[in-house]
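Structure at a glance
What follows is each chain in one-letter form.
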Amino acid sequence: MSHYLARPRIQTAVKGLLLFGLALFLYSRLMNGTILFYINQNFVPYTMLAIVGLLIMAISYRPSERKAANEPAHAEPHGHDDGHSHATDTGTHEHSHDHSHALTVSGLLLLLLPMVLGVLVPPQPLGASAMANREVSMSLQTSSLPAAVQAAANKGASERNVLDWLQTFAGAQDPARDFAGQPVKVVGFVFRDKRFGAEQFMVARYVVSCCVADANMAGMVVRWPKAAALPADQWVEVHGVLEPGKLGSEQLPVLAAQSVTNVEVPSQPYLYP
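Ring pairs (aromatic) are described by centroid distance and by the angle formed between their planes. A full pass over the atoms with the stated rule returns 7 aromatic pairs. Measuring from centroid to centroid gives 5.6 Å for Phe189 and Tyr206, while their planes differ by 25°, and the two rings are stacked. Here Tyr206 lies in strand β5 (residues 200-207) and Phe189 lies in strand β4 (residues 183-191), a separation of 17 residues in the sequence. The exposure classification of Phe189 matches that of Tyr206, with both residues buried. Measuring from centroid to centroid gives 6.4 Å for Phe191 and Phe196, while their planes differ by 90°, and the two rings are edge-to-face. One exposure class covers both Phe191 and Phe196, and it is buried. The rings of Trp165, Phe169 and Phe179 are connected pair by pair, giving a single aromatic cluster.

Okay, structure coming up:
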């Protein structure tokens, strides 16, 4: 296979097909909306430009019309050194091309692997299992910009998502008491760790600035008698009111749930700062 792949025209065709395949893969993710499982929605236009660029590059890799290297050639005198050594007495010529840019079998497999995995493995948004090396944010006191805090505070209670509530808390002196009794309706997935009591869980969302590599979890602590029955990663819609509470030794607003309903994963599972 490696000998076959070494032919110049095969090299050109394979490179073009790889670029076309990558463009098709990105286009499919764009059309079914799962591109938002990987990047911030603000970068979708750049993905479209990348698809166009890949297609242009793929088209540029048209098979050459030149004769293959193993075809016989007529002996002709040359008055310059073109990097080839010609054996004029036998009617053949040997080539000393630089193959440093040639695509090898291992290189081909390395380039194909991400696309194959992307097709075979159904795309899923980040969930609770991805929190092993990430920070759980329940307080944005040190990271919220004043404009974001003000924008969140200007929204009605029923319009705020998990991130909006955390930004609203960041603008208060004593959020646990200042927002007691406020009605809340938020959507997120179930997360818990050893800090949570039997009747507690976190309704959480990932906040993505650029792509999933920089994602951090933001969440609100929920108190619900049936919390222990909820599996991790289950997406839920929580209705309730805020009350002063604790997570471990930390004082914070706790969402006292009046109802917890299972829901499907949103088309945009991440939130954006």
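Continuing now.
In this section: the pairing of β5. Across the 8 residues that make up β5, a large majority, 8, are buried. Residue alternation in β5 divides its side chains into two sets, Gln200, Met202, Ala204 and Tyr206 and Phe201, Val203, Arg205 and Val207, and both sets are buried. Here β4 runs beside β5; their pairing, made up of 3 bridges, is antiparallel. Pairing of Phe191 across the sheet is with Met202, part of β5. The pairing of β5 with strand β6 (residues 216-223) spans 8 bridges and is antiparallel. Considered in β6, the bridge of Val203 is made with Met220.

Mapped onto the elements, Arg205 comes out in strand β5. As a buried residue without a salt bridge, Arg205 has its nearest oppositely charged side chain in Glu237, at a separation of 9.2 Å. Polar contacts involving the side chain of Arg205 include one to the main-chain carbonyl oxygen of Gln268, which spans 3.2 Å.

The subject of this paragraph is helix α2 (residues 8-32). Taking 1.5 Å per residue as the helical rise, α2 with its 25 residues ought to reach 36 Å, and the 37 Å between its terminal C-alpha atoms agrees with that figure. Within the sequence span of α2, burial applies to Gln11, Thr12, Val14, Gly16, Leu18, Leu19, Ala23, Phe25, Leu26, Arg29 and Leu30. Just beyond α2, the residue with positive phi is Gly33, at close to 85°.

About the cut-offs
- Residues numbered from 1 in each chain as written.
- Predicted model: local features only at pLDDT ≥ 70, side-chain atom pairs only at ≥ 80, totals over all residues.
- Heavy atoms only, no water.
- Phe/Tyr/Trp six-rings, centres within 6.5 Å; stacked < 30°, edge-to-face > 60°.
- Helix = DSSP H or I, 4+ residues; strand = E, 2+ residues; numbered from the N terminus.
- Buried < 20%, exposed > 50% of the residue type's maximum accessible area, 1.4 Å probe, protein only.
- Pairing = 2+ DSSP bridges.
- Lys, Arg positive; Asp, Glu negative; His and termini not counted.
- Salt bridge = Lys/Arg side-chain N within 4 Å of Asp/Glu carboxyl O.
- Polar contact = N/O pair within 3.5 Å; in protein donor to acceptor, adjacent residues only side chain to side chain.
- Expected span 1.5 Å × (residues − 1).

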